[in-house]
Number of protein chains: 2
Amino acid sequence: MIAPGFTGGTLDRADRLRQDPDAFAAAATDWRARLLVLNDGQPEVDAEGRLGWTSLADLDEAAELILLGLDDDRPRFAAYLPGTRMPPNRGPGLLSALASLQPGEAATYAAARSVIDWHSRHNFCANCGAQTALYRAGWGRRCHACSTEHFPRVDPVVIMIAEHDGRALLGRQPAFPPGRYSALAGFLEPGESVEEAVARELHEEAGVRVSGVRYVASQPWPFPSSLMIACIGYAEDDTITLDTHELEDAIWVSREVVRDVLAGGQGPFLPPPPYAIAFTLLTEWAKG
Amino acid sequence: MIAPGFTGGTLDRADRLRQDPDAFAAAATDWRARLLVLNDGQPEVDAEGRLGWTSLADLDEAAELILLGLDDDRPRFAAYLPGTRMPPNRGPGLLSALASLQPGEAATYAAARSVIDWHSRHNFCANCGAQTALYRAGWGRRCHACSTEHFPRVDPVVIMIAEHDGRALLGRQPAFPPGRYSALAGFLEPGESVEEAVARELHEEAGVRVSGVRYVASQPWPFPSSLMIACIGYAEDDTITLDTHELEDAIWVSREVVRDVLAGGQGPFLPPPPYAIAFTLLTEWAKG
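Residues numbered from 1 in each chain as written. Chains lettered and ligands numbered in written order. Predicted model: local features only at pLDDT ≥ 70, side-chain atom pairs only at ≥ 80, totals over all residues.

A. Looking closely at the overall build of chain A. Helix and strand counts for chain A stand at seven helices and 15 strands. Computed over C-alpha atoms, the radius of gyration of chain A comes to 21 Å, within 12% of the 19 Å expected from 2.2 N^0.38 for 288 residues, which places it in the range of a compact globule. The principal-axis extents of the C-alpha atoms in chain A amount to approximately 60 × 45 × 30 Å. Taken over 288 residues, chain A has a buried fraction of 45%. (Helix = DSSP H or I, 4+ residues; strand = E, 2+ residues; numbered from the N terminus. Rg over C-alpha atoms; globule rule 2.2 N^0.38 Å. Buried ≥ 20, exposed ≤ 12 C-beta atoms within 10 Å, placed from the backbone.)

Here it is in structure tokens:
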């Protein structure tokens, strides 16, 4: 199987350093330590598809450090500047950076981006409303008033193909670029398994009932903090009943058509980008 | 495969009703509507392993309704009483209720318990600190001040067996009942795939490196709101380096021993309860 985008990172997350203030201080004053370069949430990418790093000497005085981990035994950090926000959208500059990053480098970027974004939206305690402060080397926030601990959120999302008679169901969200179709997707809810969420979403969005759901692959997706869980299920029939609040259109496409389109050929739809797990999922399905 | 605990629920979550105030009002005044009975977070269980329900006439005047969904075309609700908390621990009464509930009924309980607990810990906006109010039929909260929308949190947790030379790695947390061993587990972090989180946790907790990680099954776990993702990986060798902050002990056990123990026989450990996905995972692994 081709590795999904945003996977294959080489960072040792070094959980032991997060909880040891002395070890953290030593890492943060290590002259070899590196700081991830982000410009308004966007990474620098070199000609080999690697992330840009700088020295901690470049750190904004008001910034707080997040220990991403160790790589080549070097501490690697990202900076969170209180009061700032990640830009919510994915502009053309970022999409082009994602397309040129090596997947393992994109994994480091994904971790940094999700955690920074989480800090920016969690300055207050959901339990009591008081202010929270960064702790655990950036992998948590603690409330000043009630001491509740908060940890970065990861939202599981199911993304799936329904298969019927050798054809796959693809859908089109209104916000997609022109011509793009992809696997259907939705947030998993409390009280559901992965397989149940897949069946519910396909029924809600397309009126399609599936059974025999099987897991294919997963990837982190840092917009802002999803865990994408890719699956395939078998549809009882091919009647589509569209939920037009969610989807603009849905179509059944054959393996041959999917293979052609993924290989760059002309077809009835434009495929998802290679760094999206929908690309991995379609590639696996097209193999048969 | 045996179905994991807390799966197989028959509730239609009826997402369309959550977002339609008129449809919600009609459901909440339907004379056939049912309210889940919870006593301090604990369900009533009848002799057939089914949940206890009552009428909405029994609703506390200060309580807010959560629409669990439709079953037999009847609206099904749970009640959240502002200012109350789910008891954090799992006492013997609750454990015995879980052991006697049918899995599909336990799924309904899991959804209700996780969402109620989430409301109780999210009365304030993490973004600005102002008060939030329940909306979307209980499947969200919105901030009075900044209008940020918050949705019930689901935390993905990986739970896994490392396999080496026909034996499985099991660990013992200090909080386990005497003699209990189970699969190792840990929260998935931002920027990780399922497979990467499995490899990281096994290395952090037991010093074991794995490859070829494969997904087995998933279940919701409502203490308070985990999605358990069960996997198996292949260990390079059987040397254990224990993280004693996480585990008290870890052992390698053969398929034969696991089969015996799951069948109720004597062995070197007590197995996890049948409603835990570790039980499903061990059962699958023991099949070979």
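Back to the text.
B. Examining the interface of chain A and chain B more closely. If you look at the interface, chain A gives 40 residues, while chain B gives 40 residues. Counting only elements with at least two residues in the side of chain A that touches chain B, the list comes to α4 (103-120), β10 (155-164), α5 (194-206) and β13 (210-221) of chain A. Counted by class, the side of chain A that touches chain B contains 19 nonpolar, 10 polar and 11 charged residues. (Contact = placed C-beta atoms within 7 Å. Nonpolar A, V, L, I, M, F, W, Y, C, P; charged D, E, K, R; others polar.)

C. Structural view of the pairing of β13 of chain A. Residues and elements named next belong to chain A. Most of β13 is tucked away, with nine of its 12 residues classed as buried. Examined bridge by bridge, β13 and strand β14 (residues 226-235) share nine bridges and lie antiparallel to one another. Bridge pairing links P220 to L227 in β14. Remark: four residues form the turn of the hairpin made by β13 and β14, two consecutive strands paired antiparallel. (Pairing = 2+ DSSP bridges.)

D. Structural view of the nonpolar core. Core analysis: the biggest nonpolar cluster contains 153 residues, and I159 and M160 of chain A together with M160 of chain B have the highest contact counts within it. Residues contacting M160 of chain A, with those up to four places away along its chain left out, are A183, L184, V198, L202, A230, C231, I232 and G233 of chain A. (Core = buried A, V, L, I, M, F, W, Y, C linked by C-beta atoms within 7 Å.)

E. The packing of helix α6 (residues 255-262) of chain B against helix α7 (residues 277-287) of chain B, seen in detail. All names here are of chain B. In the contact formed by α6 and α7, the axes pass within 9 Å of each other and the chain directions differ by 130°. One element, α6, and the other, α7, form an angle in the oblique class. Our pair here, α6 against α7, has a crossing hand that is left-handed. Judged by residue contacts, R255, V258, R259 and L262 of α6 engage L282, T283, W285 and A286 from α7. Considered class by class, the residues forming the contact of α6 with α7 number five nonpolar, one polar and two charged. (Axes fitted to C-alpha atoms, helices over the stretch in contact; angles between N-to-C directions. Parallel < 35°, antiparallel > 145°, perpendicular 65-115°, else oblique. Left-handed = near helix turned anticlockwise from the far one by under 90°.)

F. Main features of unusual backbone geometry. With an omega of 0°, the peptide bond between F223 of chain A and P224 of chain A qualifies as cis. You can see P224 of chain A is positioned in the loop between β13 and β14. A positive phi angle, near 55°, is found at D165 of chain B, a position not held by glycine. With respect to the helices, strands and loops of the structure, D165 of chain B is situated in the loop between β10 (155-164) and β11 (167-172).

G. A look at the environment of S193 of chain A. Note that S193 of chain A resides in the loop between β12 (184-187) and α5. With 27 C-beta atoms packed within 10 Å, S193 of chain A lands in the buried category.

H. Spotlight on the sheet that holds strand β7 (residues 132-135) of chain A. Residue and element names in this part refer to chain A. Taken together, three strands build an open sheet; the order of strands is β7-β8-β9 and the sheet is antiparallel. In the strand order of this sheet, the two ends are held by β7 and β9 (149-150), each with one partner. The pairing of β7 with strand β8 (residues 140-143) spans four bridges and is antiparallel. Bridging from a neighbouring strand, T132 pairs with C143 of β8.

I. Highlighting helix α7 (residues 277-287) of chain A. Residues and elements named next belong to chain A. Listed as buried for α7 are I277, A278, F279, T280, L281 and L282. The inward-facing, buried residues of α7 contact β10, β13, β14 and α6 (255-262). Immediately downstream of α7, the backbone of G288 shows phi near 85°, a positive value.

J. How the structure looks around the relation of the copies chain A and chain B. The two copies are related by a screw motion: chain A maps onto chain B through a turn of 180° and a shift of 0.0 Å along the axis, at an RMSD of 0.0 Å. The superposition operator between the copies reduces to a two-fold rotation axis. Identified as the residue of chain A closest to the rotation axis by C-alpha distance is G129 of chain A, at 2.1 Å. When the interface residues of chain A are mapped onto chain B, 100% of them are again interface residues, pointing to one common binding face. (Least-squares fit on C-alpha atoms with pLDDT ≥ 70 in both.)

K. Layout of the confidence of the model for chain A. Scored by pLDDT, chain A has a mean of 96; 100% of the residues are at 70 or more. If you check the scores for this complex, the pTM reads 0.97 and the ipTM reads 0.97. (pLDDT = per-residue confidence, 0-100.)

L. Fine view of the environment of S218 of chain A. Along the chain, the position of S218 of chain A falls in strand β13. Here S218 of chain A falls in the buried class, since 30 other C-beta atoms lie within 10 Å of it. Taking the C-alpha atoms as reference points, S218 of chain A and I277 of chain A, separated by 59 residues in sequence, lie 7.2 Å from one another. Beyond its immediate sequence surroundings of up to four residues, S218 of chain A is in contact with L227, M228, I229 and A230 of chain A together with S193, V194 and E195 of chain B.

M. Spatial organisation of the sheet that holds strand β6 (residues 74-80) of chain A. Residue and element names in this part refer to chain A. If you trace the four strands from one edge of the open sheet to the other, you get β4-β1-β6-β5, paired in mixed fashion. Strand pairing shows two members of the sheet lacking a second neighbour, β4 (53-55) and β5 (64-71), which therefore form its edges. Pairwise comparison of adjacent strand axes, ignoring direction, gives a mean angle of 40° for this sheet. Direction of pairing for β5 relative to β6: antiparallel, over a ladder of seven bridges.

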